[in-house]
Amino acid sequence: MPKFAVILPAAGESSRFTGFRKKKPFVDLKGRAIWLRSVEHFINRDDVAEVILVLAADDREDFQTRYLANLALLEIRVVSGGTTRAASVQNGLNALQSDADFVAVHDAARPLLTAKWIDAVFAAAVEKQAAIPGLKVSSTVKEVAGDGTIQRTVDRSRLVLAQTPQVFRRELLRQAFDSAGDLSRFTDEASLVEATGHPVHVVDGWPMNIKITTADDFRAAEALLDALPRPKNLRDLHPFADDRFR
């Protein structure tokens with residue numbers, strides 16, 4: 001069985017997440033922190049060898065104190081991030097200790113996943129070496145000028161919105177970082193791998209797999225959480241199951 005390492009970047013400034021006293025990964029989403037809900041999708045998988053959470057250096061001390069009880073039960077490691085998302089992921093990549101064959105990078109602010117969805121992108125990565133979920137664009141897309149006027153209508157038939165987890169053979173992702181140069185040019189891991197000329201496969205994404213960026217996103221996640229497809233028995237999934245399953 002191929003083994004996967006999972007890196008969850010959570011080192012951003014949360015500058016667009018207004019109206020809350022905490023950065024978005026640390027806000028409680030129906031009783032559990034957003035980062036924790038994201039981590040839980042991976043920690044009990046048989047094919048996951050290690051999980052790394054990447055935090056801003058300034059957040060680590062408070063995080064260790066606030067979540068001491070959780071960290072005592074979770075087999076994850078925490079490392080400090082960089083000045084950009086790509087630099088943070090690279091720090092996580094450099095910190096890997098397992099002999100995992102593949103690396104999955106998943107936004108810590110995307111807590112709405114299912115095991116079936118993860119299975120799909122993991123399987124595609126094993127077959128294709130590089131795979132991401134992409135949500136097909138259903139709305140009409142317009143290109144707009146700086147003054148707000150429409151310049152043209154864009155053909156949406158081949159457009160997708162990139163999601164995570166993005167999964168790559170470990171050596172391929174390492175090579176992509178080594179050859180990247182200025183990391184600030186890259187907004188996701190797929191773009192790093194694309195720059196090497198290696199094809200990245202896209203599997204159908206999932207509308208519920210939203211990234212919490214704004215307060216409106218958070219409210220949407222609250223509404224969607226209970227609508228996620230769930231296995232019949234959640235009792236033994238993880239040590240922090242919702243009370244309604246106990």
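Residues numbered from 1 in each chain as written. Predicted model: local features only at pLDDT ≥ 70, side-chain atom pairs only at ≥ 80, totals over all residues. Heavy atoms only, no water.

Here we look at helix H1 (residues 34–43)
Turn by turn, an α-helix covers 3.6 residues, leaving residues three or four places apart pointing in a common direction. This is how it is decided: The cut-offs for exposure are 20% and 50% of the maximum accessible area for each residue type, with area from a 1.4 Å probe on protein chains only; residues under the lower value are buried, those over the upper are exposed, and the others partly exposed. Each helix is a run of DSSP H or I of at least 4 residues and each strand a run of E of at least 2, with the numbering of both proceeding from the N terminus.
Where burial is concerned, most of H1 is hidden: nine out of the ten residues are buried. Where H1 is concerned, the buried positions are Ile34, Trp35, Leu36, Arg37, Ser38, Val39, Glu40, Phe42 and Ile43.

Let's talk about the nonpolar core
Quick reminder of the rule: By convention a nonpolar core is built from buried Ala, Val, Leu, Ile, Met, Phe, Trp, Tyr and Cys residues, the set being connected through side-chain atoms within 4.5 Å. In what follows, a contact means two residues having at least one pair of non-hydrogen atoms within 4.5 Å.
Trp35, Phe42, Phe63 and Phe122 are the most contacted members of the largest nonpolar core, which totals 47 residues. Of all elements in the fold, only strand E1 (4–10), H1, strand E4 (48–55), strand E5 (76–80), strand E6 (102–105), helix H5 (115–128) and helix H8 (215–225) reach the threshold of two or more residues within this core. In this structure, Phe42 is in contact with Val6, Leu8, Val48, Val51, His106, Leu113, Ile118, Phe122 and Pro165, ignoring residues within four places of it in sequence. Counting 28 residues, the second largest nonpolar core, distinct from the first, contains Ala130, Phe177, Ala180 and Leu183.

Some remarks on the packing of aromatic side chains
Each aromatic ring pair is described using two quantities: the centre-to-centre distance and the angle formed by the ring planes. Applicable threshold: Pairing of aromatic side chains here covers Phe, Tyr and the six-membered ring of Trp, requires ring centres within 6.5 Å, and sorts the geometry by plane angle: under 30 degrees stacked, over 60 edge-to-face, intermediate tilted.
Evaluated as defined, the whole model comprises eight aromatic pairs. Here the aromatic rings of Phe63 and Tyr67 are separated by 5.0 Å at their centres, their planes lie at 50 degrees, and the arrangement is tilted. In this structure Phe63 comes out as buried when scored by relative accessible area, which is 1%. Their ring planes at 5 degrees and their centres at 5.2 Å tell us that Trp117 and Trp206 sit as a pair that is stacked. Remark: Trp206 occurs in the loop between strand E12 (201–204) and H8 and Trp117 occurs in helix H5; sequence separation between them is 89 residues. Taken individually, Trp117 and Trp206 each receive the classification buried, so the pair is uniform in this respect. Ring pairs connect the aromatic residues Phe26, Trp35, Phe63 and Tyr67, which therefore count as one cluster.

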